[in-house]
Amino acid sequence: MRVSDCYNFHDFRRLAKKRLPGPIFNYIDGAADDEVTYRRNTAAFEDCDLLPSVLNGVSDVDMSVTVMGQKLAMPVYCSPTALQRLFHHEGERAVAHAANRFGTMFGVSSLGTISLEEARRISSAPQVYQFYFHKDRGLNRDMMARAKQAGVEVMMLTVDSITGGNRERDQRTGFAIPFRLNLAGMAQFAVKPGWALNYFTHEKFRLPQLESHVVMGSGTMSISRYFTEMLDPAMNWDDVAEMVKEWGGHFCLKGIMTVEDARRAVDIGCTGIVLSNHGGRQLDGSRSGFDQLAEIVEAVGDRIDVMMDGGVQRGTHVLKALSLGAKAVGVGRYYLFPLAAAGRAGVERSLSLMKTEIERGMKLMGCATVDRLSTSNLRFRT
């Protein structure tokens, strides 16, 4: 199977599974507890039907959107995700090149494997920096200052990860960074020598945003310890309000799920929120972003840019979210499996397929522009 044989999310997932050692595949694919929320994220779209309008003379489609002051050529952006160098040696470089080609937003994580500065050199597309709130307030200020110096347009604070979710697939293999695999996990690496050749013949694994604070190596701080020892579970709205003021630009909270929290985000000066349950990787049994979209847009959609992520696998999923009032839609696994399968070529193919699906869907819906999409285009099953 080649990347050119991949036509949808499931094809890319199968190819990635063939190429990745089990522990790494399951790190991408897995979620918390019984993975109920993970499955619900995609299933939620199935409870909603599109209602097309015909004979509207749609010969050309403009799918561009403006979100948090950033003009995107398509209403889908690449959500920042961690540890991409593990999946393919090109890592975030591949994603930055692909986002630049398709004119859409992408981001680098605090746990990213290239620097903010390098990502900015690769792509002129809008860039976000996804970061976590640390006990060390000086570190938080330093990270924001570095992002501003690098030319990052949007700060994106993840607010649903004050502790790690219970990801049992990782526990079964002993997956951790640095690697501390158990025998079962090591055996799964042994049967995928191609991954090891790729990984060890390229540059050393790094976490440039954190390397001054988290030393990777024997007897030093691991990623799990980073979450438990460096992040501040006491983070509150006053803390975030100070950061929003200090940043002085577009500031987004990722992980908002209630109307009350969305209103608080507006009150402290945020310009965007992402309805997200972290891909089902944190609190299992929580609602999906799509499930919460309508009521949050109704409450605050005229005062803040509302986005969502989680479970998006098709262009029609994007059209449903836009019809409910989302300004843009984030994807994670949708581009991570293609990255693992084929690097930059995989990410570019996945975004090309998504763009084609959205364009086709808008024509079939009778909508030449995104602002023509509305709740009148939808019916929910009861």
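In case you missed it, the structure is sitting above this.
Report follows, based on the coordinates. Per chain, residue numbering runs from 1 following the sequence as it is written. Given that the model is predicted, a residue must reach a pLDDT of at least 70 before its local features are reported, and side-chain atom pairs must reach 80 or more before they are shown or counted; all residues, however, enter totals for whole chains, interfaces and linings. Each side-chain value is worked out from all heavy atoms of the structure, with water and hydrogens disregarded.

Re the overall build of the protein
Here is step 1 of the chain: Numbering of helices and strands runs from the N terminus; a helix is a DSSP stretch of H or I covering at least four residues, while a strand is a stretch of E covering at least two. The helix and strand tally for the protein stands at 16 helices and 12 strands.
Here is step 2 of the chain: For the protein, whose C-alpha radius of gyration is 20 Å, the value lies close to the compact-globule estimate of 21 Å for 382 residues.
Here is step 3 of the chain: Principal-axis analysis of the C-alpha atoms gives the protein an extent of 65 × 50 × 40 Å.
Here is step 4 of the chain: To sort residues, take the accessible area from a 1.4 Å probe on protein chains only and compare it with the maximum for the residue type: under 20% means buried, over 50% means exposed, and anything in between is partly exposed. Buried residues in the protein amount to 58% of all 382 residues.
Here is step 5 of the chain: The long-range fraction of contacts in the protein, counting pairs at least 24 apart against all pairs at least 6 apart in sequence, stands at 73%.
Here is step 6 of the chain: Accessible area of the protein: about 15,800 Å², with a carbon and sulfur share of 50%. Computation of the radius of gyration draws on C-alpha atoms alone. For the globule rule, the value is 2.2 Å times the number of residues to the power 0.38. Contact definition: two residues touch when any of their heavy atoms are within 4.5 Å. Per-residue and other accessible areas follow the Shrake-Rupley method at a 1.4 Å probe size, with only the shown protein chains counted as cover for residues.

Concerning the nonpolar core
Here is step 1 of the chain: Phe251, Leu253, Ile273, Leu293 and Met308 are the most contacted members of the largest nonpolar core, which has 126 residues in total.
Here is step 2 of the chain: Ignoring sequence-local partners within four residues, the contact set of Met308 consists of Phe45, Tyr77, Val274, Leu275, Gly289, Phe290, Leu293, Ala321, Ala326, Ala328, Val329 and Gly330. As used here, the term nonpolar core means buried Ala, Val, Leu, Ile, Met, Phe, Trp, Tyr and Cys residues forming a set that is joined through side-chain atoms within 4.5 Å.

Structural notes on the pairing of strand S7 (residues 154-158)
Here is step 1 of the chain: Among the five residues of S7, five are classified as buried, and the element is accordingly described as predominantly covered.
Here is step 2 of the chain: Of the two faces of S7, the one carrying Val154, Met156 and Thr158 and the one carrying Met155 and Leu157 are both buried.
Here is step 3 of the chain: Pairing between strands is defined by DSSP: at least two bridges between them are needed. Examined bridge by bridge, strand S6 (residues 127-131) and S7 share four bridges and lie parallel to one another. Bridge pairing links Phe131 to Leu157 in S7.

Details of the environment of Phe45
Here is step 1 of the chain: Here Phe45 shows up in helix H3 (residues 36-46).
Here is step 2 of the chain: Residue classification places Phe45 among the buried positions, given a relative accessible area of 0%.
Here is step 3 of the chain: The sequence separation of Phe45 and Ala321 amounts to 276 residues, and the corresponding C-alpha distance is 8.7 Å.
Here is step 4 of the chain: Ignoring anything within four residues of it in the chain, the contact list for Phe45 reads Phe290, Met308, Gly310, Gly311, Val312, His317 and Lys320.

Things to note about empty space enclosed by the protein
Here is step 1 of the chain: The rule is simple: put a 1 Å grid over the protein atoms alone, call a set of points where a 1.4 Å probe fits but cannot get out a cavity, call an open set with protein on both sides within 12 Å along at least five of seven lines a pocket, and count a residue as lining if it has an atom within 4 Å of a point. Grid points are joined across faces, edges and corners, and a volume is the space filled by probe spheres set on the points. Scanning the entire structure with this criterion turns up three cavities of 30 Å³ or more.
Here is step 2 of the chain: By volume, the largest cavity amounts to about 50 Å³.
Here is step 3 of the chain: For this classification, the nonpolar set comprises Ala, Val, Leu, Ile, Met, Phe, Trp, Tyr, Cys and Pro, the charged set comprises Asp, Glu, Lys and Arg, and every other residue, Gly included, is treated as polar. Across the lining of the largest cavity, the residue classes tally to five nonpolar, two polar and one charged.

Points about the environment of Gly279
Here is step 1 of the chain: Its location among the elements puts Gly279 in the loop between strand S9 (272-275) and helix H13 (289-300).
Here is step 2 of the chain: Separated by 251 residues in the primary sequence, Gly279 and Ile28 have C-alpha atoms spaced 9.9 Å apart.
Here is step 3 of the chain: Filtering out sequence-adjacent residues up to four positions away, Gly279 remains in contact with Ala31, Tyr38, Asn41 and Arg333.

Some details on H13
Here is step 1 of the chain: Burial analysis of H13 places nine of its 12 residues in the buried class, the great majority of the element.
Here is step 2 of the chain: Regarding H13, the residues found buried are Gly289, Phe290, Asp291, Gln292, Leu293, Ile296, Val297, Ala299 and Val300.

Description of the packing of aromatic side chains
Here is step 1 of the chain: Pairing of aromatic side chains here covers Phe, Tyr and the six-membered ring of Trp, requires ring centres within 6.5 Å, and sorts the geometry by plane angle: under 30 degrees stacked, over 60 edge-to-face, intermediate tilted. Scanning all chains against the criterion turns up 10 aromatic pairs.
Here is step 2 of the chain: The structure contains a cluster of three or more aromatic residues connected by ring pairs, namely Phe9, Phe25 and Phe337.
Here is step 3 of the chain: The ring of Trp247 carries Lys148 above its face, with NZ or CZ at 4.8 Å from the centroid.
Here is step 4 of the chain: Any Lys NZ or Arg CZ that is within 6 Å of a ring centre and within 35 degrees of that ring's normal is treated as a charge sitting over the ring. Over the ring of Tyr38 we find Arg333; its NZ or CZ atom is 4.0 Å from the centre of that ring.

Quick word on helix H16 (residues 344-365)
Here is step 1 of the chain: Over its 22 residues, H16 runs 31 Å from end to end, which matches the ideal 32 Å to within 8%, given 1.5 Å per residue.
Here is step 2 of the chain: Those residues of H16 that fall on the buried side of the exposure criterion are Gly346, Val347, Glu348, Ser350, Leu351, Leu353, Met354, Glu357, Ile358, Gly361, Met362 and Met365.
Here is step 3 of the chain: Each element contacted by the buried residues of H16 is listed here: helix H1 (9-19), strand S1 (48-50), strand S4 (76-78), helix H4 (91-102), helix H14 (315-323) and helix H15 (333-342).
Here is step 4 of the chain: Gly366 sits one or two positions beyond H16 and adopts a positive phi of about 80°. To estimate the expected span of a helix, count its residues, drop one, and scale the result by 1.5 Å.

Comments concerning the side chain of Arg333
Here is step 1 of the chain: You can see Arg333 is positioned in helix H15.
Here is step 2 of the chain: One buried charged side chain, Arg333, makes no salt bridge at all; its nearest oppositely charged neighbour is Asp29, positioned 5.1 Å away.
Here is step 3 of the chain: The term polar contact refers here to a pair of N or O atoms within 3.5 Å; inside protein, the definition further demands a hydrogen-donor-capable atom paired with an acceptor-capable atom, and it admits residues adjacent in sequence only when both atoms are side-chain atoms. A polar contact is formed between the side chain of Arg333 and the backbone oxygen of Ile28, at a distance of 2.8 Å.
Here is step 4 of the chain: Only 3.2 Å separates the side chain of Arg333 from the backbone oxygen of Gly279, close enough to count as a polar contact.
Here is step 5 of the chain: Other than its neighbours up to four places away in sequence, Arg333 contacts Phe9, Ile28, Asp29, Gly30, Ala31, Tyr38, Gly279, Arg281 and Pro338. The convention is simple: Lys and Arg are positive, Asp and Glu are negative, and His and the chain ends are not counted. Whenever Lys or Arg places a side-chain nitrogen within 4 Å of a carboxyl oxygen from Asp or Glu, that contact is recorded as a salt bridge.

Some words on the packing of helix H6 (residues 137-150) against helix H11 (residues 237-247)
Here is step 1 of the chain: Between N-to-C directions, angles cover 0 to 180 degrees, with each direction set by a line fitted to C-alpha atoms, over the stretch in contact for helices. Relative to each other, H6 and H11 sit at 30°, their axes nearing to 11 Å. Taken together, the axes of H6 and H11 are roughly parallel relative to one another. Judged by the sense of rotation from one axis to the other, the crossing of H6 with H11 is right-handed. On H11, the residues touching Arg137, Asn140, Arg141, Met144, Ala147 and Lys148 of H6 are Asp239, Met243, Glu246 and Trp247.
Here is step 2 of the chain: Split by residue class, the contact of H6 with H11 holds four nonpolar, one polar and five charged. Here the angle decides the label: under 35 degrees means roughly parallel, over 145 means roughly antiparallel, 65 to 115 means roughly perpendicular, and every other value means oblique. Two helices that cross are described as forming a left-handed crossing if the nearer one is turned anticlockwise from the farther one by less than a right angle, and a right-handed crossing if clockwise.

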